[in-house]
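So you can see what is in the structure, the chains are spelled out below.
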Amino acid sequence: ACCLEHGREFSCGSTGRWHSGAAWWLPFSVRRARTLHTPDIGEVTAVSVRTALAMLSVHSARVIDGKGLDDDVHADSLSPRQLLLASVAVYEDFALQPYALRENLLVDFDTAKLASGTVLQIGNEVRLRLMFQCEACGQLDTRQPGLSKKLGMRRGMLARVLSGGVIRPGDR
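This is a predicted model, so every value here is computed, not measured.

Time to look at the overall build of the protein. From N to C terminus, the protein includes three helices and 14 strands. Taking all 172 residues of the protein together, 41% fall into the buried category. Taking as baseline every contact in the protein between residues at least 6 positions apart, the subset at least 24 positions apart corresponds to 58%. Accessible surface computed for the protein: about 8,700 Å², of which carbon and sulfur atoms make up 54%.

This is how it looks when you write it as structure tokens:
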């Protein structure tokens, strides 16, 4: 996953170079010329689709522009919670069972350190705008009593899809 600076969009290609995305306040020629050299922040370790009753681990998922993951219960063009990104570290810190957080993307970086509004590029196609930290709710307590209170604001980050594509474990 490539971290994109808050308020600006950056993407990286296979060369690892970061190119600024459309910044409306800059002339087109300047937007095309700006580059940054920023390391990627980590990778997707698991992908899952949420249904009304279960979490389904998948080898790949189609991400739909402005909607979310294909066949996911939260795929909705009006929702700020089209995807939930959770950190492997939270699972380790709280000794959680798989899918306890009901995340779509399990990542190997700390989502709590990313700012709302950040644009994240995953792979060559998928771009997500991080919305806000997902507050741990009582729904999690049905899986493990007291979990929502223990987690606080560490459940993960909600995101909206800016551009879709296919996402797989191992994508950066």
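Next up on the list: the nonpolar core. Judged by nonpolar contacts, the single largest core of 22 residues is most densely connected at Leu85, Leu105, Ile122, Leu128 and Ile167. Broken down by secondary-structure element, the contributors of at least two residues to this core are strand E5 (44-50), strand E7 (61-64), strand E9 (83-87), strand E10 (105-107), strand E11 (119-122), strand E12 (126-133) and strand E13 (157-163). Counting 11 residues, the second-largest nonpolar core is a separate cluster that includes Val90, Tyr91, Leu96 and Leu106.

Strand order in this open sheet of three strands is E8-E7-E14, and the pairing throughout is antiparallel. Of all strands in the sheet, those bounded by a partner on one side alone are strand E8 (68-69) and strand E14 (165-167). Of the pairings in the sheet, the one linking E7 to E14 comprises three bridges and is antiparallel in character. Paired with Arg62 across the two strands is Val166, which belongs to E14.

Turning to the pattern of salt bridges, a few remarks are in order. By the definition in use, this model includes five salt bridges. Between Arg50 and Asp72 there is a salt bridge; the shortest N-O distance is 3.6 Å. Here the residue Arg50 occupies a position in strand E5, and Asp72 occupies one in the loop between E8 and E9, the gap between them amounting to 22 residues. For Arg50, a relative accessible area of 1% gives the class buried. Overall, the relative accessible area of 6% leaves Asp72 in the buried class. For Arg154, the salt bridge identified is with Asp93, shortest N-O distance 2.8 Å. Taken together, the positions of Arg154 in the loop between helix H3 (147-151) and E13 and Asp93 in helix H2 (residues 88-94) put the pair 61 residues apart, joining distant regions of the chain. Take Arg154: its relative accessible area is 30%, and that puts it in the partly exposed class. Among the charged side chains, a salt-bridge network with shared partners connects Asp40, Glu43 and Arg172.

What counts, and where the lines are drawn
- Residues numbered from 1 in each chain as written.
- Predicted model: local features only at pLDDT ≥ 70, side-chain atom pairs only at ≥ 80, totals over all residues.
- Heavy atoms only, no water.
- Helix = DSSP H or I, 4+ residues; strand = E, 2+ residues; numbered from the N terminus.
- Buried < 20%, exposed > 50% of the residue type's maximum accessible area, 1.4 Å probe, protein only.
- Contact = heavy atoms within 4.5 Å.
- Areas by Shrake-Rupley, 256 points an atom, 1.4 Å probe, with all protein chains shown as cover.
- Core = buried A, V, L, I, M, F, W, Y, C linked by side-chain atoms within 4.5 Å.
- Pairing = 2+ DSSP bridges.
- Salt bridge = Lys/Arg side-chain N within 4 Å of Asp/Glu carboxyl O.

Everything listed here is a matter of geometry and, on its own, says nothing about what the molecule does.
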